[in-house]
Amino acid sequence: MENFGSLLKREFRFFWQNKVLRLLFIGAPLLYGILLGYVYGKGKVTDLPIVVVDEDRSEMSAKAIQMFQDNEVLNIAATLYDQNNLSQIAIDKEATCIVLIPKGFEKMVLTKKYPEIVTIVNTSNVLTANYASTALQVCLGTLKAGVQIETLRKQGTPENLVMTQYEPFRTTFIKKYNRSTNYMYFLWPGVLATVLQQVLLLGLALSFASEYENGTFKELVQKCPSLLKLISVKIIPYLIMSFGLWILYWLFTLWFRIPFFDNLWALTLVAGVFVIAVCFIGILVSILIPNQLKATEVLMVIATPSFILSGFTWPLSQMPFWVQCVADVIPLTHFLKAFRILIIENGELSQTISAVRNMLIITVICGIASYVALYYKRKAVLKT
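Described below are features of the structure shown in this document. (Residues numbered from 1 in each chain as written. Predicted model: local features only at pLDDT ≥ 70, side-chain atom pairs only at ≥ 80, totals over all residues. Heavy atoms only, no water.)

**What to know about the overall build of the chain**
Phase 1: Helices and strands together make up the secondary structure of the chain, namely 17 helices and four strands.
Phase 2: What you see for the chain is a C-alpha radius of gyration of 29 Å, clearly larger than the 21 Å of a compact globule of 384 residues, by over 25%.
Phase 3: Its C-alpha atoms put the chain at 100 × 45 × 40 Å along the principal axes.
Phase 4: The proportion of buried residues among the 384 residues of the chain is 45%.
Phase 5: Contacts spanning at least 24 positions in sequence make up 78% of the contacts within the chain whose residues lie at least 6 apart.
Phase 6: Side-chain charges in the chain split into 34 positive and 25 negative, and the spacing between the mean points of these groups amounts to 12 Å. (Helix = DSSP H or I, 4+ residues; strand = E, 2+ residues; numbered from the N terminus. Rg over C-alpha atoms; globule rule 2.2 N^0.38 Å. Buried < 20%, exposed > 50% of the residue type's maximum accessible area, 1.4 Å probe, protein only. Contact = heavy atoms within 4.5 Å. Lys, Arg positive; Asp, Glu negative; His and termini not counted. Charge placed at Lys NZ, Arg CZ, Asp CG, Glu CD.)

Spelled out as structure tokens, the structure:
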């Protein structure tokens, strides 16, 4: 036990003496947590600039413009009365939408000639385009309803029948889980989990590869002949430090006032399985590749696209089958699924069993492969 403790101290000392590794493991989660927290801190998009071309200049078109201005998502950057230099003005104002109100709009509405308001949506940014176009649809839908109701009243329709004449049935949409559609709650935790995976893989890429390059692997094997203890010595320091990063992430949620309070202990348990799975992938690559740079490069190939492949922002079901197979061997995919169930959807730990099981399968397979690979590495070095 004393020997095991001294080996753990040796591993911590190795970590602390490596300035680059120390900076990455501690600095990256801290920097990304703070930076992305402030990037997405607002949570939802507001005051998106739009350009309105009002060729009618009527009371009804003025009412529509006022409704646009009152909507928190929209901000009228310019109101024009003709289409001269429209494209240039839209670019200069960085407009997400251009709304064209035609000449004679109010007159055609009142005479039931079915005029058309054209909205040109700038889809160079899909996020802002969706927010702005949805807000415009709400505003124009409300204006349509108001006009229709007023018309029915003028026709002498009794007040108690006005709504049923205009609207034969009601539709109700109820938002659950992230009711405010807050982008911070949706994206920020997933990115931080990705950062945790990357720094773990970077650190563990050097665990055995650095021993090979520095010529200390034989000495390490002689000090610790047990392969299980040898693997444990390399992984335990990162488990301890990962728990410290987990506490840091929790403090970030308090700082940025993110309401992640329920199921934290269940998520911590799932996160522990996630960290162990990531550690065994890192250990396996570090054992197989005796070069620090190459081991790091291989693990970065795994880590870099992992967030995109995880299904967190784009559904896995919409990806080709072979891409889904690749995503399934990355622990982040299963952790983010469990995170969404426990924190976003406020589900039960039992509902994450499939995700936890998949991470355990990754752990077992990589653990056995690491043990076998290390056995032959030890056998080879003791012969020399």
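**Brief notes about the environment of Leu-204**
Phase 1: Its location among the elements puts Leu-204 in helix α8 (residues 183-205).
Phase 2: For the pair Leu-204 and Ile-120, spaced 84 residues apart in sequence, the C-alpha to C-alpha distance is 51 Å.
Phase 3: Ignoring sequence-local partners within four residues, the contact set of Leu-204 consists of Lys-234, Tyr-238, Cys-279, Gly-282, Ile-283 and Ser-286.

**Remarks on the sheet that holds strand β2 (residues 74-80)**
Phase 1: Read from one edge to the other, the open sheet built from four strands follows the order β2-β1-β3-β4, with strand pairing classed as mixed. Each edge of the sheet is formed by a strand with only one pairing partner; in this case those strands are β2 and β4 (118-121). For this sheet, the mean inter-axis angle between neighbouring strands, taken without regard to orientation, is 20°.
Phase 2: Pairing of strand β1 (residues 48-54) with strand β3 (residues 97-101), which is carried by five bridges, proceeds in the parallel orientation. Bridging from a neighbouring strand, Asp-54 pairs with Ile-101 of β3.
Phase 3: Together, β1, β2 and β3 form the strand contacts of helix α3 (residues 59-70), whose direction differs from that of β2 by roughly 145°. (Pairing = 2+ DSSP bridges. Axes fitted to C-alpha atoms, helices over the stretch in contact; angles between N-to-C directions.)

**So, the environment of Val-381**
Phase 1: On the secondary structure map, Val-381 appears in helix α17 (residues 353-383).
Phase 2: For Val-381, a relative accessible area of 17% puts it in the buried group.
Phase 3: Residues Val-381 and Asn-291, spaced 90 residues apart in sequence, show a C-alpha to C-alpha distance of 16 Å.
Phase 4: Excluding anything up to four places from it in sequence, Val-381 contacts Phe-217 and Lys-218.

**Some remarks on the packing of helix α2 (residues 19-39) against helix α11 (residues 227-255)**
Pairs of packed helices are described in terms of their axes, by the angle between the two and the distance that separates them.
Phase 1: In contact at an axis separation of 11 Å, α2 and α11 are set at 15° when each is read in the N-to-C sense. For the element pair α2 / α11, the angle class is roughly parallel. Once α2 is placed against α11, the crossing between them reads as right-handed. Here Leu-21, Phe-25, Pro-29, Leu-30, Gly-33, Ile-34 and Tyr-38 of α2 come into contact with α11, specifically with Tyr-238, Met-241, Ser-242, Leu-245, Leu-248, Tyr-249, Phe-252 and Trp-255.
Phase 2: Each residue belonging to the contact of α2 with α11 can be placed in one class, and the counts come to 13 nonpolar, two polar and no charged. (Parallel < 35°, antiparallel > 145°, perpendicular 65-115°, else oblique. Left-handed = near helix turned anticlockwise from the far one by under 90°. Nonpolar A, V, L, I, M, F, W, Y, C, P; charged D, E, K, R; others polar.)

**Let's talk about the pairing of β2**
Two faces belong to every sheet, and in a regular strand the side chains alternate between them.
Phase 1: Both β1 and β2 contribute to a ladder of six bridges, which runs parallel. Following the sheet pairing, Val-53 is matched in β2 by Leu-80.
Phase 2: With α3 bridging β1 and the parallel β2, this β-α-β connection has right-handed handedness. (Right-handed = clockwise from strand over helix to strand, strands pointing away.)

**Considerations on α3**
Phase 1: Its 12 residues place the ends of α3 16 Å apart at the C-alpha level, agreeing with the 16 Å of an ideal helix rising 1.5 Å per residue.
Phase 2: Within α3, burial applies to Met-60, Ser-61, Ala-64, Ile-65 and Phe-68. All buried residues of α3 project into a common sector of 140° when viewed along the axis, lining one side. The exposed set on the far side of α3, more than 90 degrees from its buried face, consists of Glu-59 and Asp-70. (Expected span 1.5 Å × (residues − 1). Arc of directions from axis to C-beta.)

**Remarks on the nonpolar core**
Phase 1: In this structure, Tyr-238 and Phe-335 are the most contacted members of the largest nonpolar core, which totals 89 residues.
Phase 2: Per-element accounting of this core gives the leading share, 16 residues, to helix α12 (residues 264-288).
Phase 3: Beyond its immediate chain neighbours, meaning those up to four positions away, Tyr-238 contacts Phe-15, Leu-21, Phe-25, Leu-200, Gly-203, Leu-204 and Cys-279.
Phase 4: Counting residues in hydrophobic clusters, the runner-up holds 20 residues, among them Met-60, Val-99, Ala-132 and Cys-139. (Core = buried A, V, L, I, M, F, W, Y, C linked by side-chain atoms within 4.5 Å.)

**As for the pairing of β3**
Phase 1: Most of β3 is tucked away, with five of its five residues classed as buried.
Phase 2: Going residue by residue along β3, you find Cys-97, Val-99 and Ile-101 tucked away on one face and Ile-98 and Leu-100 tucked away on the opposite face as well.

**Focus on unusual backbone geometry**
Phase 1: Positive phi outside glycine occurs at Arg-57, with the angle close to 55°.
Phase 2: Along the chain, Arg-57 falls in the loop between β1 and α3.
Phase 3: You will see that Asn-346, though not glycine, has its phi angle at about 55°, which is positive.
Phase 4: As for its placement among the helices and strands, Asn-346 is situated in the loop between α16 (331-344) and α17.

**Structural notes on the side chain of Ser-286**
Phase 1: Inspection of the secondary structure puts Ser-286 in helix α12.
Phase 2: For Ser-286, the side chain forms a polar contact with the main-chain oxygen of Leu-204, separated by 3.4 Å.
Phase 3: When sequence neighbours within four positions are dropped, the list of residues in contact with Ser-286 reads Leu-204, Ala-205, Leu-206, Ser-207, Phe-208, Ala-209 and Tyr-212. (Polar contact = N/O pair within 3.5 Å; in protein donor to acceptor, adjacent residues only side chain to side chain.)

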